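Letter by letter, the chains look like this.
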Amino acid sequence: MNQNLNRLACLLFSIGLAACGGGGSGATPSGTNLSSNGGSNGTNTIGGTPSAISYTVSGTVMGLTVGQYVTLNENGADPTTVSAPNTAFKFSAGITENSPYAVTIDTNSLFTTCSVSANGAASQLKANVNNVGINCAPYVESVLYSYGHITNDAELASGNVIQGSDNNLYGLAIAGGQHSDGVLYQTTPDGTQTILHSFGSNASDGTFPNGRLIEYESNFYGVTYGGGVNGLGTVFRYSPSASAGSNYQVIYSFVGGSNGSNPRVGLTLGDDGNLYGVTTAGGKGNGVFFRIVPTTGVETGLYSFGTNSSQDVSDIEAELVLAANSTFYGVSTGGGGHGQGAVFAVAEGGAESILWNFTGGVDGGAPNAALVPGPNGFYGTTTSGGNGSNFGTLFKLTLNGNGSASISPIYNFPEHETATGPFILGTDGNLYGVVGEALPGQGALYKITPDGQEYTLYSFGTNAGDLYGPVGIIRGSNGFLYGVCETGGANGMGGIFKYSAN
């Protein structure tokens, strides 16, 4: 049976060859022929049907520094990330011959600009592309304004600027002005300075404004350490829309005692629409947590630090932060169970609890910058302690949900890198802030990753006429960073800097 089938197959095969023009030597059965399709890369066809010719796209990224990255797309897909120091890239997906390609920037490191500089697109791809160019550059620092440029200008910034709803910057200086008692100023995005109020203008005015401003319902509120009817400090309001002469008003003069006195940090808005703050004196001697009604100026002392025990907090040098359940969180430079400061919480009604007592050891000590909200807790810095040169730490405070908290040091600042002012949590999950010292000795802007890697973004004092001694940063609505420095600049009085795209 098998022999008959074999004979039949051979017969049919012979007839097929004859039908195709004979069975000369070298002939190959139809349907199995492998022939070149004439494509430039020699891709073959099977059964006479051309297979798609594809090409690759690759290139080089220039300008990235260690810790920076850029993610590229090819025709809106195939995201490919390039991180320094490795700067070559190649998309994994091929592009069909005669099809268009376009390389675009998907994302890049925060405070970095990247652009396609060469061979980033073509309407018809006819060969492999290996010379796409991508240029990246970090933001650059520039002096937006140097104090002392106009008559009775600001001197010695007492806190960081804020950005108002009109996109202008507003800030306070503890010195300068017509009476040398400090000023409230406005700086436009192009660096035009206007003095809005010179403190000490009359016997009941405040003097020596401290901390940062807060904007609420189109008005700005702040505190002064001195002045007022009793010489114990004030709370003031500035209303930009009011007529000249009536746009500044002292709404409360501190009286001491259970109401507190001599505040030196700014106010925080509560969930109830009232403003809350702390004083350095009054109460039991360690200061008072107070509430002030912004519309009426009625002030109420809610808690006297030092009430709970002799180990209560003291020397609060940073603004409070409002979190869930109408609870404010803060840090103290002094007091606590070891005299090294503490993290505390206080409810709107005045109930206080100590969450962490710094030891001055590996957990750090003497924190003086506001906490920054993060996942399940806060980030913060200390000015001493740490596992190293005793210049402080960057830490994560985790709330445990039972009234307690735990500290996890993330980074130990090395010698001459003491953190100053609050930092910010970037949209990339990294932490950005400033240190008051660092090579070349004038301060620096830094980035610290969640796993504790630090990168210097800018060293102040690098350029002639530069500012130095930064006290904090904010991120503007345009994505740029802004901050103030205590000294340097064109007149040696400090000023405002920005960190922006070149």
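Residue numbers here run from 1 along each chain, matching the order of that chain's written sequence. At least 70 in pLDDT is required for a residue's local features to be given in this predicted model, at least 80 for side-chain atom pairs to be given and counted, and no such filter applies to totals for whole chains, interfaces and linings, which use all residues. Only hydrogens and water are removed before side-chain values are computed, so all heavy atoms of the structure are retained for them.

**A short note on the state of the cysteines**
What counts as a disulfide here is a pair of cysteine sulfur atoms lying within 2.5 Å. All told, the structure shown has one disulfide when counted by the stated rule. Through a disulfide, Cys114 is tied to Cys136; the S-S separation comes to 2.1 Å. Judged by the sign of its S-S torsion, about 115°, the cystine formed by Cys114 and Cys136 is right-handed. Taken together, the positions of Cys114 in strand β11 (residues 112–118) and Cys136 in strand β13 (residues 129–138) put the pair 22 residues apart, joining distant regions of the chain. Relative accessible area serves as the criterion here: at 14%, Cys114 is assigned to the buried category. Each residue is placed in one exposure class: buried if its accessible area under a 1.4 Å probe, protein chains only, is under 20% of its type's maximum, exposed if it is over 50%, and partly exposed if it falls in between. Among the residues examined, Cys136 registers a relative accessible area of 8% and is labelled buried. Think of it this way: any DSSP run of H or I at least four residues long counts as a helix, any run of E at least two long counts as a strand, and we number them from the N terminus.

**Quick look at unusual backbone geometry**
Residues Ala84 and Pro85 are joined by a peptide bond in cis, for which omega reads 10°. Tracing the backbone through its elements, the reader meets Pro85 in the loop between β7 (77–83) and β8 (88–90). With a phi close to 70°, Ser218 is a non-glycine residue in the positive phi region. The topology assignment puts Ser218 in the loop between β20 (206–216) and β21 (219–227).

**Here's the deal with the pairing of strand β43 (residues 481–488)**
Moving residue by residue along a regular strand, the side chains alternate between the two faces of the sheet. Counting buried residues along β43, six of its eight residues qualify, which places the element largely inside the surrounding structure. Criterion used throughout: strands pair if DSSP finds at least two bridges between them. With six bridges joining them, strand β42 (residues 467–475) and β43 adopt antiparallel strand pairing. Bridge pairing in β43 links Ile473 to Gly483. In this structure, β43 lies alongside strand β44 (residues 495–500), joined through five bridges in antiparallel fashion. What sits directly across from Tyr482, in β44, is Lys498. Counted between consecutive antiparallel strands, the loop separating β43 from β44 contains six residues, among which Gly489 sits at a positive phi close to 85°.

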